[in-house]
Amino acid sequence: MINCLFRWALPILVMSVECAGLARAAEKPMSQENLISVLKKSNDAIKRVVLDNGMVCLVKEDHSAPVVSVQIWIRTGAIDEAENLGGGLSHYVEHMVFKGTPTRKVGDISGQINDVGGKINAYTSSDRVVMYTDMPSAHWATGVSVLADAVMNSTFPEDEWEREKKVILQEFAMGEDDPARVMHKLADRTAYKVHPYRVPVIGYENVFTQMSRKELLGFFKKHYTPDNMITIVVGDVNSSEVLEALGNVYKNFKPRPKTAVVLPSEPPQLARRTGRETGAYQVSRMRVMWHTVNLTHKDSPALDVLAAIVGHGRSSRLNQYLKEKKRLVHTVSAWSYTPKYPGTFAVSMMLDPDKEERVLAEVDALVESWATASWTEEELAKARRMVISNELSELQTMSGQAAGMGSGEFYTQNPRFGEVYIAQILAVTAEDISRVAKIYFSKRNSSVAVLAPEAPEQQEDMPAITVLASPTRLLKVDDRIRVVVREDHKLPFVYMTVVAGGGLLSETEKNNGITKLMASLLVRGTPSFSASEIAENVESRGGALVPFSGRNSFGLQARCLTDDAEYFMTLMAECFLQPTFTKPELAKQRDLQLTAIQQEQESPFTLARESLRQALFPGHPYSFGALGTESSVKKIREADLEAHHASLVVSENVVVSVFGDVTKQSAEALVSGAFKRLHHGKAPSMKHAAPKPELPARIERREPKSQAIYLIGFPSVSLYDEKKTDALTILQTAMSGLSSTLADEVREKRGLVYYSGAISIAGLDVGSYVMYAGTREDAVPELEKQFLAEIKRVTTGGLTQAEFDQASNRIVAGHHMSSQNNLELAMMCGLNELYGLGHDYSFSLENRVKALTLKDVQDVAAEILRAERQVITVVLPNAK
């Protein structure tokens, strides 16, 4: 299924499949007219004005939440770089527009947004750059002013240009370590030989390094003109005031003469193209593509419907045949990508390397059959429901609405194009699908890209190579600091984390949220550096230094080039050990956290989860939210932070991890020098009395939201109950995802939910097991009936062998894939050591999972998922 608002962004498309599906009662037909009227009514609030300089302004009032989204779309992207194609200039400009203007120095642009509780970012694609900020609506004028200044007046300081070049070079390296990015680039250059779509958005490293600041400025001045832009403001605002402000802020922004970029057309393909790469992967990834059309072509809707029928959901044709029946692939999906210029239809799969040839043969046969296949009205109706559901789901957030309006205006000059598109989808017939299958899906029009594992070297008595071939080791530096080390010299990067016990377990009702606030302040000033100096020092070296906090811990993560390892370790240690907690920085971060607390209340899922948490863990810190409450956060002072920090940052409560391009000796030296100020002391006790919930319980509440949320939860086991924790992980995995029996019943067959699944959380004291769904109010009774039936099935009869095997495989595969990320792995190993599980605990996951049986899972399900232990929480929309 393609969401026309986000049809250009393949990662978003893939994720949207998980949330698609219009909730409806199984016995009632969907009223498509009523649903379309919702979109039309929402769009009626759009005001479109074209300023004298050619700038298109779109403004929409939505008073459902005190939030505003401001976006600026620039009609230029990687394909428009002309003689500098491959230089990544469009992406480079995106990095540089926040680096200062004549009236705002480096750091002011993001700082002014952050100071009022907003967030700012940007992204570049093949055909556009989008800058955006989401913030409290009271400060909409700040968002407009800051973004407009950036696009009109960026100065590209010489020193910042040099620093940002290093950051982008690191991004090149990171991209090579990401299989999804590698596959995307491989697929594009396989399918396209002439059109600029073949060129990565970031460009080619050897071309990028030749780009000068003069070329960057030239590209900016040529394309960043008002007649080449769209400004969008959506939220709790007065549209007349906003339009007047936009007219004023852009009144001196003049168009500039420019030569149109003429792009070469991709010639007709006469034979299948193939591209193949190998690397340190655990499974093969295959993408089969066919050249098709652009968004406005008459065949675009039929291709989207075809993609939904053959490649979305467990009941889709490709899934049923290749995965369920033949068991040839681990995953399979399909999508139709129809951007500004002719795009592609793709089938994407993950599979075992020894099945590549057979899978490709099966795909070829299936695709050939589409031209003469029978397409049922049931399949067509399902695809329509998916599209309409996705379209309406974007109305929930201001940013989603702004993006949808921007997409319509950008691609079709109509911000209400969603309405047109839905009408086109509803008009697609079975004959249309057969017709497009005949036109586009010939073998000669296809391209095949494969990303596969390297063949292992043949060595006697040697184990098979895996991503975990490089083991971790635990050091005791200076006889007091635990350090986990893993050598991986594939890339010149070092990944560091420092973790400490704390989080919710260290908090009370009065100071709830203090760990989150303290963690955010770790990088906001030390005796040697101010907050801005820390940020500049990190970014200028192309690295990252990020604080985190959770239910049981807090700390810092860092990533840098090997040559900067000593500097980053020293900086990370100073931030962790010697934060200054100044009053001005505390005020800023407190305001941001208070805004985040308010924004959390916008999510109906968060509200349902909050009710469930409080019912399951009364009197226990796990009943708290990580952000705290407005009351508790407002009372936190500098002295409170200093005392909290001093109680937790002691040697027995801290673990440091150093992974990547290091040796045991160099890691030991780095930590010894940087952490010599770590106070020697015992870890504080964070044991709490077991919560005593009043069970069973049911909590219902109404909120001004559009959807209903249903959760059913149970008290569960602690992290230290290893066998039961692993068994619950299998159960959770089996009950989640589009291929689960639960999703098939409540989504595919009955159309009751937007999404559903389960999550098992094993805390240090006590855990929880939760089943969840996003639905609508009239579907709740039937949904609850199906959830309870599923609980009865898994507790009395247990999972099927196929479900058990699939869940086990997914867990192991997911673990292997995540283990390719050294920063994530460093964090995981550090936390496991901190919690007393051992630094190498995660590496035993595969063996632990393989040791479990069906009976183990059924036994723990029967123990945990008992009716007398359940809490049901339901958030319902207001009557309006």
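Relevant structure appears above.
Please read all numbers here as calculations on a predicted model, not as lab measurements. (Residues numbered from 1 in each chain as written. Predicted model: local features only at pLDDT ≥ 70, side-chain atom pairs only at ≥ 80, totals over all residues. Heavy atoms only, no water.)

Q: What's the story with the overall build of the chain in this structure? I'm lost.
A: If you tally the helices and strands in the chain, you get 32 helices and 22 strands. Split into buried and exposed, the 880 residues of the chain put 59% on the buried side. The long-range share in the chain, meaning contacts at least 24 apart out of those at least 6 apart in sequence, stands at 82%. A total accessible area of about 35,700 Å² is found for the chain, and carbon and sulfur atoms account for 52% of it. Side chains of the chain give 99 positive and 107 negative charges; the mean places of these two sets differ by 3 Å. (Helix = DSSP H or I, 4+ residues; strand = E, 2+ residues; numbered from the N terminus. Buried < 20%, exposed > 50% of the residue type's maximum accessible area, 1.4 Å probe, protein only. Contact = heavy atoms within 4.5 Å. Areas by Shrake-Rupley, 256 points an atom, 1.4 Å probe, with all protein chains shown as cover. Lys, Arg positive; Asp, Glu negative; His and termini not counted. Charge placed at Lys NZ, Arg CZ, Asp CG, Glu CD.)

Q: Before we go on, may I ask you to explain the pattern of salt bridges in this structure?
A: For side chains of opposite charge, pairing can occur when their charged atoms come near one another. Tallied over the entire structure, the rule returns 38 salt bridges. In this structure, Arg272 engages Asp364 in a salt bridge whose closest nitrogen and oxygen atoms are separated by 2.7 Å. With Arg272 in the loop between helix H10 (239-249) and strand S7 (273-279) and Asp364 in helix H13 (residues 356-369), this pair connects stretches of sequence that are 92 residues apart. A salt bridge links Lys724 to Glu863; the nearest nitrogen and oxygen atoms lie 3.0 Å apart. Of this pair, Lys724 sits in helix H26 (residues 722-734) while Glu863 sits in helix H32 (residues 854-864); the two residues are 139 residues apart in sequence, bridging distant segments of the chain. Taken together, the shared-partner salt bridges in this structure form one network comprising Lys298, Asp299, Asp432 and Arg435. (Salt bridge = Lys/Arg side-chain N within 4 Å of Asp/Glu carboxyl O.)

Q: Looking at this model, I keep getting lost on the sheet that holds strand S2 (residues 56-61). Mind explaining?
A: As a general point, the strands of a sheet are linked pairwise by backbone hydrogen bonds and lie either parallel or antiparallel. Read across the sheet, six strands follow the order S1-S2-S6-S3-S5-S4 without closing on themselves; strand pairing throughout is mixed. Of all strands in the sheet, those bounded by a partner on one side alone are strand S1 (46-50) and strand S4 (119-124). For this sheet, the mean inter-axis angle between neighbouring strands, taken without regard to orientation, is 15°. Two strands pair when backbone bridges link them, and S2 and strand S6 (residues 229-235) are joined in this way by six bridges, in the parallel orientation. Among the inter-strand pairings, Val59 is bridged to a residue of S6, identified as Val233. Sitting on the sheet, helix H4 (residues 108-115) is in contact with S4 and strand S5 (129-136), with an inclination near 130° to S4. (Pairing = 2+ DSSP bridges. Axes fitted to C-alpha atoms, helices over the stretch in contact; angles between N-to-C directions.)

Q: It is not clear to me how the side chain of Thr292 should be interpreted in this structure. Could you clarify?
A: Examined against the element boundaries, Thr292 turns out to sit in the loop between strand S8 (284-291) and helix H11 (300-311). Excluding residues within four positions of it along the chain, Thr292 makes contact with Leu303, Tyr337, Pro342, Gly343, Thr344, Phe345 and Tyr440.

Q: Just to check I follow, could you spell out the environment of Phe605 for this structure?
A: Residue placement: Phe605 occurs in helix H22 (residues 604-616). Separated by 171 residues in the primary sequence, Phe605 and Arg776 have C-alpha atoms spaced 13 Å apart. Each residue touching Phe605, except ones within four places of it in the same chain, is listed here: Ile709, Leu711, Tyr755 and Tyr772.

Q: What is the right way to look at the sheet that holds strand S18 (residues 697-703) in this model?
A: With respect to topology, five strands assemble into an open sheet ordered S18-S22-S19-S21-S20, the strand pairing being mixed. Either end of the sheet is taken by a strand with one partner, and the two such strands are S18 and strand S20 (755-761). On average, each strand axis in the sheet is tilted by 15° relative to the strand beside it, whichever way the strands run. In terms of strand pairing, strand S19 (residues 708-716) meets strand S22 (residues 871-877) through five bridges, oriented antiparallel. When the sheet's bridge partners are listed, Ile709 is paired in S22 with Val875. Each of S19, S20 and strand S21 (767-775) touches H26; the most contacted strand, S20, lies at about 175° to it.

Q: Help me understand the pairing of S1 in this model?
A: Regular strands place side chains that alternate from one sheet face to the opposite one. Sheet analysis places S1 next to S2, joined by five bridges and oriented antiparallel. Of the residues in S2, the one forming a bridge with Ile46 is Lys60. Linkage of S1 to S2, two consecutive antiparallel strands, is achieved through a turn of five residues, within which Gly54 is found at a positive phi near 100°.

Q: What is the right way to read the nonpolar core from this model?
A: Soluble, globular proteins show a tendency: their nonpolar side chains are buried together. Formed by 85 residues in total, the largest nonpolar core has its most connected members in Leu545, Phe576 and Phe675. Of the residues forming this core, the biggest block, nine residues, is contributed by helix H20 (residues 565-577). Among all residues touching Leu545, those that are not within four sequence positions of it are Val523, Ile534, Val538, Leu556, Gln557, Ala558, Leu571, Met572 and Cys575. Ranked by size, the runner-up nonpolar core spans 63 residues in total, among them Leu306, Leu322, Val367 and Ala371. (Core = buried A, V, L, I, M, F, W, Y, C linked by side-chain atoms within 4.5 Å.)

Q: Can you walk me through the packing of H26 against H32 in this structure?
A: When two helices pack together, their arrangement is given by the angle between the helix axes and by the axis-to-axis distance. At a minimum axis distance of 9 Å, the contact between H26 and H32 shows a crossing angle of 95°. Of the possible angle classes, the one that applies to H26 and H32 is roughly perpendicular. Here Lys723, Lys724, Ala727, Leu728, Ile730 and Leu731 of H26 come into contact with H32, specifically with Asp856, Val857, Val860, Ala861, Glu863 and Ile864. (Parallel < 35°, antiparallel > 145°, perpendicular 65-115°, else oblique.)

Q: Just to check I follow, could you spell out helix H5 (residues 140-153) for this structure?
A: The α-helix advances 3.6 residues per turn, and as a result positions three or four apart in sequence lie on the same side. Between its terminal C-alpha atoms H5 stretches 20 Å, which fits the 20 Å expected from 14 residues at 1.5 Å a residue. With 10 of 14 residues buried, H5 is to be regarded as a mostly interior element. (Expected span 1.5 Å × (residues − 1).)

Q: Please clarify how the side chain of Thr733 should be interpreted in this entry.
A: Following the sequence through the fold, Thr733 ends up in helix H26. Residue Thr733 is classed as buried on the basis of its relative accessible area, which comes to 10%. At 2.7 Å, the side chain of Thr733 forms a polar contact with the backbone oxygen of Thr729. Look past the residues within four positions of Thr733 in its chain and what remains in contact with it is Ala807, Arg810 and Ile811. (Polar contact = N/O pair within 3.5 Å; in protein donor to acceptor, adjacent residues only side chain to side chain.)

Q: What is the right way to look at the packing of H5 against H10 in this model?
A: As a packed pair, H5 and H10 sit with axes 11 Å apart at the nearest point and diverge in direction by 25°. One finds that H5 runs roughly parallel with respect to H10. Here H5 runs over H10; the crossing is right-handed. Residue-level inspection shows Trp140, Val144, Ala148 and Met152 of H5 in contact with H10, the latter providing Glu241, Val242, Ala245, Leu246 and Val249. Residue classes in the contact of H5 with H10 are distributed as eight nonpolar, no polar and one charged. (Left-handed = near helix turned anticlockwise from the far one by under 90°. Nonpolar A, V, L, I, M, F, W, Y, C, P; charged D, E, K, R; others polar.)

Q: In this structure, what is going on with the packing of aromatic side chains? I would like to understand it.
A: Between two aromatic rings, the relevant description is the distance of the centres plus the angle of the planes. Summed over all chains, the structure comprises 21 aromatic pairs. Plain terms: the ring middles of Tyr192 and Tyr197 are 5.5 Å apart, the flat faces sit at 75° to each other, and that makes the pair edge-to-face. Pair check on accessibility: Tyr192 and Tyr197 agree, each one buried. Considering the side-chain rings of Trp290 and Phe441, the 5.2 Å spacing of their centres and the 70° angle between planes classify their relative orientation as edge-to-face. (Phe/Tyr/Trp six-rings, centres within 6.5 Å; stacked < 30°, edge-to-face > 60°.)

Q: Looking at this structure, how should I read helix H24 (residues 638-648)?
A: Looking only at H24, the buried set comprises Leu641, His644, His645 and Leu648. What you see down the axis of H24 is that its buried residues fit within an arc of 100°, all on one side. For H24, the exposed residues set more than 90 degrees away from the buried face come down to Ala639 and Ala646. Buried residues along H24 sit against strand S14 (493-501), helix H18 (514-521), strand S16 (553-561), H20, helix H21 (583-600) and strand S17 (654-660). (Arc of directions from axis to C-beta.)

Q: Hey, could you run me through the pairing of strand S12 (residues 472-477) in this one?
A: Pairing of S12 with strand S13 (residues 481-487), which is carried by six bridges, proceeds in the antiparallel orientation. In the sheet register, Val477 faces S13, and the bridge partner there is Ile481. The turn linking S12 back onto S13 is made up of three residues, and Asp478 within it adopts a positive phi angle of 55°.

Q: For this particular structure, what's the right way to read unusual backbone geometry?
A: What you tend to see is this: most non-glycine residues have negative phi, and most peptide bonds are trans. Cis geometry marks the peptide bond from Leu695 to Pro696, where omega comes out at -5°. Looking at where Pro696 falls in the secondary structure, it is placed in the loop between helix H25 (664-674) and S18. Despite not being glycine, Ala82 shows a phi value in the positive range, around 50°. Mapped onto the fold, Ala82 is located in the loop between strand S3 (67-74) and helix H3 (89-96).

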